[in-house]
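Below, each chain spelled out in residue letters.
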Amino acid sequence: MKNKPYGLLILTLIYFSLSIILLLFFRFWLVLVFAIFINLPVNIKVFLINIFKDLFSLELIKNPPSFLQPFFIFIITELPFVLLGFALSYVLFRKKYEKKHHLLAAALSLLGILMLGSYTVIKPTVIGRHKFPGFFSVQLSLRELKCNNLPKESIFNWTFPTNSQTGVSIHSPVVVNLKNGVRISSSCDTIYTDGRYANSSKMLGGFPGNNIPLVPDGGNSISELNYLSKASVSEIKNFLSAGSWDNNATITVTCNYIKSGCSGSESFIFTTGEE
């Protein structure tokens, strides 16, 4: 190589990029491996199954040391693809670069991959009000980095009641309308300030452009929800449920959603009046 530092940088990028590509498409590779497996002769299938049985019966796999547990998913499901990416890089470029440069490129790439995978250890995944324990994963780190860099904007075209609205009727419905590219992962929750769930009937699911209603328990909730899911904003404002919220209560509405493959939550509040 005439320019060794530049050549080493290019080779490192090749090692790093090929490993990341294999990781990102690992589901495809798993399907391919499964397709190959089911077409193998029976004796080879049995042989491979026995190998995996023996492997997963090892004490180190069944009860990994505590210091290895955060890295267990990476070691079992991701490291093989990293090593495969390194092997392919070496095979493809073994004649163009010296062995010592391949070793340096592999070491630098592995360091970069380890730094990337540590993101979910430093900043564990949070969905709604739930914080999951941190563990080492390159794929999850890439997804979290993508999700954390999505534009910060409301998922709602509109809500009723509006955020911070006061004097809302205790018989008022709650309706949210989603922007394009957003869907509710289950439904929305209604919670009083003291932490109690505000008992409500909900329209499960939810897709862009649709009304997703909730009504206080106590009425004919199915017919109410069906009506509100298709009602206009003016009809919703004039609608009174047979059920009721507490008097003079502040209620937080939290919707867990999925946008561009990323999970998140958005909340708004309203305060009821007195009947």
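Residues numbered from 1 in each chain as written. Predicted model: local features only at pLDDT ≥ 70, side-chain atom pairs only at ≥ 80, totals over all residues. Heavy atoms only, no water.

Section: unusual backbone geometry
Turning to step 1, where the next piece is worked out: Following phenylalanine 160, the chain continues to proline 161 via a peptide bond in cis, the omega torsion being -5°.
Turning to step 2, where the next piece is worked out: We note that serine 164 has phi near 70°; this positive angle belongs to a residue other than glycine.
Turning to step 3, where the next piece is worked out: According to the relative accessible area criterion, serine 164 is partly exposed, its value standing at 46%.
Turning to step 4, where the next piece is worked out: With a phi close to 55°, serine 260 is a non-glycine residue in the positive phi region.
Turning to step 5, where the next piece is worked out: In this fold, serine 260 is placed in the loop between strand S9 (250–259) and strand S10 (262–272). (Buried < 20%, exposed > 50% of the residue type's maximum accessible area, 1.4 Å probe, protein only. Helix = DSSP H or I, 4+ residues; strand = E, 2+ residues; numbered from the N terminus.)

Quick look at the pattern of salt bridges
Turning to step 1, where the next piece is worked out: This model, assessed by the stated rule, comprises five salt bridges.
Turning to step 2, where the next piece is worked out: One salt bridge in this structure joins lysine 259 and glutamate 153, with 3.2 Å as the shortest N-O distance. Of this pair, lysine 259 sits in strand S9 while glutamate 153 sits in the loop between helix H8 (138–148) and strand S3 (156–160), placing them 106 residues apart in sequence.
Turning to step 3, where the next piece is worked out: Residue arginine 196 is joined to aspartate 194 by a salt bridge in which the shortest nitrogen-to-oxygen separation is 2.8 Å.
Turning to step 4, where the next piece is worked out: Taking the relative accessible area as the measure of exposure, arginine 196 reaches 40% and is therefore partly exposed.
Turning to step 5, where the next piece is worked out: On the accessibility criterion, aspartate 194 (52% relative accessible area) is exposed. (Salt bridge = Lys/Arg side-chain N within 4 Å of Asp/Glu carboxyl O.)

Observations concerning the sheet that holds strand S7 (residues 200–202)
Through backbone hydrogen bonds, the strands of a sheet pair up, either in parallel or in antiparallel fashion.
Turning to step 1, where the next piece is worked out: Within the open sheet, the four strands sit side by side as S3-S5-S8-S7. Their pairing is antiparallel. Whereas interior strands pair on both sides, the edge strands pair on one side only; in this sheet they are S3 and S7. Here the average twist between neighbouring strands, direction ignored, is 15°.
Turning to step 2, where the next piece is worked out: Where S3 lies against strand S5 (residues 174–178), four bridges are found, and the strand directions are antiparallel. If you follow phenylalanine 160 over to S5, its bridge partner there is valine 175. (Pairing = 2+ DSSP bridges. Axes fitted to C-alpha atoms, helices over the stretch in contact; angles between N-to-C directions.)

Remarks on H8
Turning to step 1, where the next piece is worked out: Buried residues of H8: Val138, Gln139, Leu140, Ser141, Glu144 and Cys147, and no others.
Turning to step 2, where the next piece is worked out: Regarding H8, its N-cap is serine 137, as a side-chain oxygen of that residue lies 3.1 Å from the backbone nitrogen of leucine 140 further along. (Polar contact = N/O pair within 3.5 Å; in protein donor to acceptor, adjacent residues only side chain to side chain.)

Focus: the state of the cysteines
Turning to step 1, where the next piece is worked out: For the coordinates displayed, the defined rule picks out two disulfides.
Turning to step 2, where the next piece is worked out: At a sulfur-sulfur separation of 2.0 Å, the disulfide partner of cysteine 147 is cysteine 262. Because the sign of the S-S torsion sets the handedness, a value of about -85° for the bond joining cysteine 147 and cysteine 262 places this disulfide among the left-handed ones. In this pair, cysteine 147 is assigned in helix H8 and cysteine 262 in strand S10, connecting sequence segments 115 residues apart. Neither cysteine 147 nor cysteine 262 differs from the other in exposure class; each is buried.
Turning to step 3, where the next piece is worked out: Disulfide pairing is shown between cysteine 188 and cysteine 255; the S-S distance is 2.0 Å. Note on the cysteine 188 and cysteine 255 pair: the S-S dihedral is about 105°, so by sign convention the disulfide is right-handed. Placement of the pair is cysteine 188 in strand S6 (residues 182–192) and cysteine 255 in strand S9, with a sequence separation of 67 residues. No difference in accessibility class separates cysteine 188 from cysteine 255, as the two residues are buried. (Disulfide = S-S within 2.5 Å.)

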